[in-house]
Amino acid sequence: MVNTSGGYSAFSLQEALELRASQDVIPYAGGTDLMVGKHRDADYLFLSRVPELRQITEDAGYVRIGAAVTFSEALASPLVPQLMKEAVSGIAAPAIRNAGTFGGNLANGSPKADSVLVEVASDAKLRLVSRSGERTMDVDGFCLGRGRTALRSDELIAEVLMPKQSPDCCFYEKVGGRSALAISRVSFAGIFDTQDGRISNIAAAFGAVADTVLRFRQIEAMLIGRTIEEARALRDSYVAAYAEQLVLTRGRVSAEYRRAVCLNLLNAFLSQCGL
Amino acid sequence: MDTISQSVVKKDHGPKISGRSIYVADYPSEGVLCGRLLHSRLARARVLRVVVPELPEGYYYVDARDVPGDNNVNIVLDDMPVFCRDTVEYIGEAIGMLCGPDEKLVERLRDECRVEYEELEPVTDLRAATEAFFSYSYGHGDVDRAFAEADRVYDEEFETGYQEQAYIEPQGMMAEPEEDGRMYVHGSAQCVYYIHNALTRVLGCGPDGVRVYQDVTGGAFGGKEDFPSILGCQVAVAAHSTGKPVRCVLDRREDMECTSKRHPSICRYRAAVKGNRVTALDIDVVFDAGAYSTLSAVVLQRGIIAAPGVYNIPNVRVRGRALKTNTVPCGAYRGFGAPQTFFAVEMLMEHIARDLGLDALAFREANLVRQGDRTSTNGVYHFPVPLPAMIDEIDRACSYRKKRLEYAAEQSGRWRRGIGISLDYHGAGFTGSGERDIIKAVAKLHKYRDGTVEILASNGEIGQGVRTTFPKIVARELGLPLDRVFFCHPDTARVPDSGPTVASRSLMVVGELLRRAAIRLKAEWVNGEEQEVEEHYREPEFQLPFSLDRFEGDAYPTYAWAVTAIELEVDTWTGNAKVLGAYADFDVGTPIDLNVVTGQMEGGLLQGIGYSSVEKMDHDAAGRIRSNSFSDYLIPTAKDVPNLKCMLHVEEYPEGPYGAKGAGELPLVGVPAAYLAAMEQALGGRGLRHVPFTAEDVIGALAKEEG
């Protein structure tokens, strides 16, 4: 452990968790949001040299991305799913991708976080650790809106668990105000899969349009277990259900614009799935 | 092309690229007080009382009571106070300044100041504004008769928004009392003598009582034409009051909310058309001046003079007003009033042509001015108007005519394409008789014993290259290597007043003075002696006197010309537009340095694309600008730079050095109309009338199509 003027640097997960539990610190991985944030006088817990948080590994069910893995590292890894790479490659600009991390994107608690959108669409899980133990939770329940998360004050995000899957179709679109260094105004990720001719997964996640990433599992359920033919027949009512549910907030752009673009992207996704 | 056009390494390239340049924020803080402005939070209110927290020793609060001279900043009408009078007129107006050694403590003390206001009803909506700072009108011919005899009549209204200069270095000035009682003021600026003159009034001293120096300046684009006079007076008052050096560098949000930007506009155009000729234009131009008049008079003049565009219209009536609103005062930004009116007139030509079933470019060509024609103000286009040749050059470069036809076919699917073109000019130099009657530029050359020559002129390097191009001119005339001629940042204690760094005038006007001075110096050259020569501005003999009362005569001695074509592709899913290519042909006369000119042309084009598309800034009903950061106010990034193809068409101007004309502002002016014409075509030809035209506007337009 090194106590620097801006806080503490940890060199192992154990050390990091001790500090996290005993000190009033803000976890700091890449720092790309914190550096421009308002906590100039806070004590930070610097995590970029904690080896346990910097690995990308896999097991039978998951690709496990450490919380302090940077976006550039993920782009270079053969393990990271293509859909995630697509989203990550559109984050900010190279310098920020070299520093920004998966854990930071989550902990920032923003519905605009591009990696979080893919995690929600992919049914990813998070492994949260503390000095007293660990827990695994769905990423969907982690972000509570407006910068709030389910992370306890003694916890750190250890890993993102991306389910291993090879779906029939993936769809991603980020709508920013320009081509780089753009905060998402609308983002969309879709995953579509069939088994034995029937739809086994049709995940649609909408980012940057509400307090959290939006996913409507009850609407998705309309099509789960259906054949392509049946789903085609249901397409209009399926889209209409989204149109009804997408009650959006205004931000840098109007709610009407966001809604129109969400529906355009949903329709494009469905067409790409052959529905 | 003239050999002088060959590019050299810019003289300021090394220090800037290596990070060795000293900007105003870089001077050591020791012994310097940090100043932080206390801004109004209301758009209009009487300030009853400012309760300042108890200040530790060495900390100060200064306001209007500390102004030793007159509490008015000299700009045009001098109505802007250094610190507010009994009322504040816009959100962000400076009420006072907190100063002290520790920046964080100064900020805390500033935030602890409590201002007691009596709220007054503000006017924030331009359409509700009635008070005109300036109201001009001019015209010629018989407009009413032309309308009575017209085949068709058109009536359209066009709107443009704010544009923020987005220079990389925010505004910053520093004032240091000198031992002899003189006040030394320096910082990020364009016009040292504007600041100098403003200071003498505010400090109540003679011209020798102040000295102003331009520090290395990180971009300006017009944004550092008037504001440094205001901030310079504020720090000078603080330094005068405290007896210590005071520096104030704005933070980005403060800069975006409280400093000048491009005037929003509403232009109403009525046109009479007979056959394929526009026989009359009846034009009403309204600019949002903001709360104080600052530079609005001259911005409006340039805007209304350009209002009929590059066309020979026999009957013209133009009315222009700069209206007061309780919002941030608008000022100078590349183009200076002309982008607004050129946008309007070019879109009008586009719409009339479509209505007549004519090709928009051919219709424009049928109405073009030619050499010898009268200008809008009954001056004369004394020199060739190369637009027809330039149009052909652009057409060859981007197949404009072919693509225009191709994209006119009905398009479906996700991506839709369009291409648009616009024609414009930039009147080179100050408007009217300003150069002769107001500026009266003087420039000097000082030769040292060792044979090196220093240029003494007040024009500031703001990225446009004058520290390089001025020496190139002088070195060429003297037959010296470029490293024997140098030009430092101007210091009013050392350089004569060769005028401000504005209006694309420096190279054309002051560059020519320097060329003449160099010819004289060469004739008088004596080895081993220190020598100085001085040149004064002379109005070209051909120039018809300009009357500002009647708006009559040569508003400009000559014109730089541009043809701009934008090709874009609209994403109908998201509303985003991708510029596939921006092609432009510029006649700026002889380029004094190809790299410098190309950099200017490409940069201006890109700023124009931003202005037309993503650069959206407005204020809410309370008068507050919300898009006050670079995550809210987007400008194009490197990844948004399209295929930019800039070409030069050289018509030499005999009164400019080696034929050079004004260049810097030209590339931005024509972009909005070319962009929106391309957008209009991509969206199927419906009439669009405002910029910026954002992704939201695209989705809105498409929804109408379906609805």
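Residues numbered from 1 in each chain as written. Chains lettered and ligands numbered in written order. Predicted model: local features only at pLDDT ≥ 70, side-chain atom pairs only at ≥ 80, totals over all residues. Heavy atoms only, no water.

A closer look at the domain arrangement of chain A
Residues and elements named next belong to chain A.
Link 1 in the chain: What the domain assignment reports for chain A is domain 1 (2–163) and domain 2 (169–272).
Link 2 in the chain: The straight-line distance from the C-alpha centre of domain 1 to that of domain 2 is 26 Å.
Link 3 in the chain: Opposite the 23 residues of domain 1 that make contact, domain 2 presents 25 residues.
Link 4 in the chain: Surface buried jointly by domain 1 and domain 2 totals about 1900 Å² across both partners, of which 60% is contributed by carbon and sulfur atoms.
Link 5 in the chain: Sorting the residues of domain 1 by area buried against domain 2 places Pro111, Lys112 and Leu117 first, and these three jointly supply 32% of that buried surface.
Link 6 in the chain: Summed over the shared surface of domain 1 and domain 2, the number is 5 salt bridges.
Link 7 in the chain: Across the salt bridge formed by Asp211 and Arg146, the nearest N and O atoms sit 3.5 Å from each other.
Link 8 in the chain: One can count 10 residue pairs in polar contact (both at pLDDT 80 or more) joining domain 1 with domain 2.
Link 9 in the chain: In terms of residue count, helix H6 (residues 114–121) provides more of the side of domain 1 that touches domain 2 than any other element does, 6 residues in total. (Domains from an automatic or database assignment. Contact = heavy atoms within 4.5 Å. Buried area = accessible area lost by both parts, 1.4 Å probe. Salt bridge = Lys/Arg side-chain N within 4 Å of Asp/Glu carboxyl O. Polar contact = N/O pair within 3.5 Å; in protein donor to acceptor, adjacent residues only side chain to side chain. Helix = DSSP H or I, 4+ residues; strand = E, 2+ residues; numbered from the N terminus.)

Thoughts on helix H18 (residues 695–706) of chain B
Link 1 in the chain: Relative to the 16 Å expected for 12 residues at 1.5 Å per residue, H18 of chain B spans 17 Å between its end C-alpha atoms, a close match to the ideal helical length.
Link 2 in the chain: The set of residues buried in H18 of chain B consists of Ala695, Val698, Ile699, Ala701 and Leu702 of chain B. Relative to the axis of H18 of chain B, the buried residues are bounded by an arc of 160° and lie together on one face.
Link 3 in the chain: Summarising the contacts, the buried residues of H18 of chain B are in contact with helix H9 (255–272) of chain A together with strand E16 (415–427), strand E21 (559–571) and helix H17 (671–682) of chain B. (Expected span 1.5 Å × (residues − 1). Buried < 20%, exposed > 50% of the residue type's maximum accessible area, 1.4 Å probe, protein only. Arc of directions from axis to C-beta.)

Overview of the sheet that holds strand E6 (residues 114–119) of chain B
Paired through their backbone hydrogen bonds, the strands of a sheet run either parallel or antiparallel.
Residues and elements named next belong to chain B.
Link 1 in the chain: Pairing within the open sheet is antiparallel, and its 3 strands lie in the order E4-E2-E6. Two strands close off the open sheet at either side, each with one partner strand: strand E4 (87–88) and E6.
Link 2 in the chain: In this structure, strand E2 (residues 45–51) lies alongside E6, joined through 6 bridges in antiparallel fashion. In the strand pairing of E6, Ala45 is matched with Glu119. (Pairing = 2+ DSSP bridges.)

Structural notes on the state of the cysteines
All names here are of chain B.
Link 1 in the chain: Counted under the stated rule, the structure contains 0 disulfides over all chains.
Link 2 in the chain: With no disulfide of its own, Cys84 has Cys113 as its nearest cysteine by sulfur position, at a separation of 12 Å.
Link 3 in the chain: Assessed through its relative accessible area of 7%, Cys84 is described here as buried. (Disulfide = S-S within 2.5 Å.)

Focus on the packing of helix H4 (residues 192–203) of chain B against helix H5 (residues 227–242) of chain B
All names here are of chain B.
Link 1 in the chain: It is the contact of H4 with H5, at a shortest axis distance of 9 Å, that shows an interaxial angle of 40°. Between H4 and H5, the crossing angle belongs to the class labelled oblique. H4 and H5 meet at a crossing whose hand is right-handed. On H5, the residues that touch Tyr194, Ile195, Ala198, Leu199, Val202 and Leu203 of H4 are Pro228, Ser229, Gly232, Cys233, Ala236, Val237 and His240.
Link 2 in the chain: In the contact of H4 with H5, the residues fall into 10 nonpolar, 3 polar and no charged. (Axes fitted to C-alpha atoms, helices over the stretch in contact; angles between N-to-C directions. Parallel < 35°, antiparallel > 145°, perpendicular 65-115°, else oblique. Left-handed = near helix turned anticlockwise from the far one by under 90°. Nonpolar A, V, L, I, M, F, W, Y, C, P; charged D, E, K, R; others polar.)

Remarks on the interface of chain B and chain A
Link 1 in the chain: The partner chain A presents 22 residues to the 20 residues of chain B that form the contact.
Link 2 in the chain: A buried area of about 1700 Å², summed over both sides, lies between chain B and chain A, and 51% of it is on carbon and sulfur atoms.
Link 3 in the chain: Looking only at chain B, the three residues that lose the most surface to chain A are Trp573, Leu634 and Glu696 of chain B, adding up to 32% of its buried area.
Link 4 in the chain: For the pair chain B and chain A, the number of links is 10 residue pairs in polar contact (both at pLDDT 80 or more).
Link 5 in the chain: For the side of chain B that touches chain A, the elements supplying multiple residues, two or more each, are helix H2 (103–112) and H18 of chain B.
Link 6 in the chain: Counting residues per element, the side of chain B that touches chain A draws most heavily on H18 of chain B, at 3 residues.
Link 7 in the chain: Of the residues contributing to the side of chain B that touches chain A, the split by class is 7 nonpolar, 5 polar and 8 charged.

Considerations on the pairing of strand E20 (residues 531–536) of chain B
Residues in a regular strand point their side chains to alternate faces of the sheet.
All names here are of chain B.
Link 1 in the chain: The side-chain alternation of E20 yields one buried face, formed by Gln531, Val533 and Glu535, and one unburied face, formed by Glu532, Glu534 and His536.
Link 2 in the chain: One ladder, built from 6 bridges, connects strand E17 (residues 442–447) with E20; its direction is antiparallel. Bridge assignment links Lys444 to a residue of E20, and that residue is Glu534.

So, the domain arrangement of chain B
Residues and elements named next belong to chain B.
Link 1 in the chain: Domains assigned within chain B are domain 1 (24–122 + 165–258), domain 2 (123–163 + 261–370), domain 3 (386–427 + 558–707) and domain 4 (432–536).
Link 2 in the chain: Placing a centre on the C-alpha atoms of domain 2 and another on those of domain 3 gives a separation of 19 Å.
Link 3 in the chain: At the junction of the two partners, domain 2 supplies 41 residues and domain 3 supplies 47 residues.
Link 4 in the chain: Buried surface at the junction of domain 2 and domain 3, summed over both partners, amounts to about 3400 Å²; 58% is from carbon and sulfur atoms.

Some words on the sheet that holds strand E14 (residues 198–207) of chain A
Residue and element names in this part refer to chain A.
Link 1 in the chain: Spatial ordering of the open sheet is given by E12-E13-E14-E15, a layout of 4 strands whose pairing is antiparallel. Lying at the two open borders of the sheet, with one neighbouring strand each, are strand E12 (169–175) and strand E15 (214–215).
Link 2 in the chain: Here strand E13 (residues 186–195) pairs with E14 via 9 bridges, running antiparallel. Bridged to Gln195 within E14 is Arg198.
Link 3 in the chain: On top of the sheet, helix H8 (residues 228–245) reaches E13 and E14; it is set at about 25° to E14, its chief contact.

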